[in-house]
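Structural features, examined
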Amino acid sequence: MRCGLIGERLGHSHSKTLHGLLADYRYDLIELAPEELGAFLQKGEFDGLNVTIPYKQAVIPYLRELSPAARAIGSVNTIVRRPDGTLLGDNTDAWGLGVIAGRAGMAFAGKKTLILGSGGTSRTARHVVEAAGGEAVTVSRTGETNYENLERHADAAYLINATPVGMYPGVQAAPVDLERLPNLRGVADVIYNPLRTRLMQQARALGIPCEGGLAMLVYQAVRACERFTARPVPPERAAQAERALRRAVTGLALVGMPGAGKSTVGALAAARLGMPFVDLDREIEKAAGMPIPRIFETEGEAGFRRRETEALRRVALVGGQVIAAGGGVVKRAENRELLRMNCVVVHLTRPIEALPMDGRPLSQGREALARLWRERAGLYAAAADAQVENGATAEACAREVEEAYHEAVCD
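Bear in mind the structure is a predicted one, so any value in this text is a computation, not a measurement. (Residues numbered from 1 in each chain as written. Predicted model: local features only at pLDDT ≥ 70, side-chain atom pairs only at ≥ 80, totals over all residues. Heavy atoms only, no water.)

A contiguous patch of negative charge, built from Glu 389, Glu 400, Glu 403, Glu 407 and Asp 411, is present on the exposed surface. Along the chain, Glu 389 turns up in strand β16 (residues 386–389). Overall, Glu 389 belongs to the partly exposed group, its relative accessible area being 48%. (Patch = residues over 30% accessible without salt bridge, like charges linked within 9 Å, V, L, I, M, F, W, Y side chains within 5 Å. Areas by Shrake-Rupley, 256 points an atom, 1.4 Å probe, with all protein chains shown as cover. Salt bridge = Lys/Arg side-chain N within 4 Å of Asp/Glu carboxyl O. Lys, Arg positive; Asp, Glu negative; His and termini not counted. Charge placed at Lys NZ, Arg CZ, Asp CG, Glu CD. Helix = DSSP H or I, 4+ residues; strand = E, 2+ residues; numbered from the N terminus. Buried < 20%, exposed > 50% of the residue type's maximum accessible area, 1.4 Å probe, protein only.)

As structure tokens, then:
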């Protein structure tokens, strides 16, 4: 069986990885110019195709039949060649979106859902909501319901972000402030890079169940695989594929007091996980051309914190690596958001009396350390997914950090 994907290259590597995990058919990435599309669909050698922008509507004239979802949405992302040679078009994005909505506890029937955006993904979301018996309200920049008058729908129970706002590299943007919608019970964000968008992080902070787009990416592929093979994908195989992809794109970040052992444990954990290791302080020193104590002398703590945030922006969004962050990185809310976007964040602890002070500008004396701890304890807790004590040996601590990472990724 020969299958493949046509369209923009964004996400192609993930699609190839997923289909390799889900089934044993050949899956190719197929580059086509727009003028080649018709001839390929009519004469190309394939049994099934995934379709991305800009071809999701362009393929429709070449298809003999559309599934009910594809017809309702007006968009196709999966094509199957039937035994008689004719082509069937389906939209499995709707299935994937239904999965993440379910995980966020979004029971649409009889409830109002705000859908941000008016493009193709918005139409998919509207179909999912209305097919489940819910009321869908589209929010756009210039429509009847827009970002200026959201309060007229303050009774909305759910929200789906179907826009690219918050997607890499514009990760510090969020499409709306969720505090404007006090009755929300669930949020779904179709973006999967970063894994935890700023919108999702605000939802979690407000106690609103939420889910990001990675599972949507996985389960639209699961549904497509079932279309290609005419066989169900066992749930355990789908779950394994999701864990494998999540593991491939999720990093690990260590935070904690100066001298907690983040660099030592981080390097050991990186080796155990088979990931690159990044010491954020070393990145800052390389960019500045001077050691950290000298940065404090010449630029003060404010200058150092500015450089720290700049370095964090460069490294935190690269998935699949281990980052040892500085002790004060959590002081800025922006930094805490950056750390959590694509990383499992582990707070590494050590008793204050065991913390070294040499060469650490803000750790001069036990009283100063105790003051730092009082200032930062709550910030570490707010940033972290897990806490691990650096006790007996660094090797034992690295094992615990590895376990915390796997538990968070598989959760």
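Here the focus is the sheet that holds strand β4 (residues 65–66). Taken together, the six strands give an open sheet; going across it, the order is β2-β1-β3-β5-β6-β4, and neighbouring strands pair in mixed fashion. If you trace the sheet from one side to the other, it starts and ends with β2 (26–30) and β4, each paired once. Packed onto the sheet, helix α7 (residues 214–229) meets β1 (2–6), β2, β3 (48–51), β5 (78–81) and β6 (87–90) and runs at close to 10° relative to β5. (Pairing = 2+ DSSP bridges. Contact = heavy atoms within 4.5 Å. Axes fitted to C-alpha atoms, helices over the stretch in contact; angles between N-to-C directions.)

Once that is clear, we can look at the pairing of β6. Moving residue by residue along a regular strand, the side chains alternate between the two faces of the sheet. Neither face of β6 is left uncovered, since the one carrying Leu 87 and Gly 89 and the one carrying Leu 88 and Asp 90 both have all their residues buried. Where β4 lies against β6, two bridges are found, and the strand directions are parallel. Following the sheet pairing, Glu 65 is matched in β6 by Leu 88. The pairing of β5 with β6 spans four bridges and is classified as antiparallel. Its bridge partner being in β6, Arg 81 is matched across the sheet by Leu 87. Following β5, the chain reverses through five residues before pairing antiparallel with β6; Gly 85 in that reversal takes a positive phi of roughly 90°.

With that settled, consider the packing of aromatic side chains. The geometry of an aromatic ring pair is captured by two quantities: the separation of the ring centres and the angle between the planes. For the structure shown, the criterion picks out five aromatic pairs. Over the ring of Phe 46 we find Arg 81; its NZ or CZ atom is 4.3 Å from the centre of that ring. Lying across the ring of Trp 95, Arg 223 places its NZ or CZ 4.1 Å from the centre. (Phe/Tyr/Trp six-rings, centres within 6.5 Å; stacked < 30°, edge-to-face > 60°. Lys NZ or Arg CZ within 6 Å of the ring centre and 35° of its normal.)

Moving on, we get to the nonpolar core. Here is a general trend for soluble globular proteins: nonpolar side chains tend to be buried in one another's company. Judged by nonpolar contacts, the single largest core of 45 residues is most densely connected at Leu 97, Met 106, Phe 108 and Ile 160. At the level of elements, β1, α1 (12–22), α4 (93–103), α5 (120–131), β9 (158–161), α7 and α8 (235–249) are the ones that each hand at least two residues to this core. When residues of this core are assigned to their parent elements, the largest contribution, eleven residues, is made by α7. Not counting residues up to four positions away in its chain, the partners in contact with Leu 97 are Thr 124, Ala 125, Val 128, Ile 160, Val 190 and Met 216. With 33 residues, the next largest nonpolar core counts Leu 280, Ile 292, Ile 295 and Tyr 380 among its residues. (Core = buried A, V, L, I, M, F, W, Y, C linked by side-chain atoms within 4.5 Å.)

Another aspect to go through is the environment of Ala 104. Looking at the secondary structure, you find Ala 104 in the loop between α4 and β7 (112–116). Spatially, the C-alpha atoms of Ala 104 and Val 187 are 6.5 Å apart, while their sequence positions differ by 83 residues. Setting aside chain neighbours within four positions, we find Ala 104 in contact with Arg 185, Gly 186, Val 187, Pro 209, Cys 210 and Glu 211.

Relative to each other, α4 and α5 sit at 65°, their axes nearing to 9 Å. At the point where α4 passes α5, the crossing takes the right-handed sense. Together, Asp 93, Ala 94, Leu 97 and Gly 98 of α4 and Thr 124, Ala 125, His 127 and Val 128 of α5 make up the contact between the two elements. Of the residues contributing to the contact of α4 with α5, the split by class is four nonpolar, three polar and one charged. (Left-handed = near helix turned anticlockwise from the far one by under 90°. Nonpolar A, V, L, I, M, F, W, Y, C, P; charged D, E, K, R; others polar.)

Any link to function would need more than the numbers given here.
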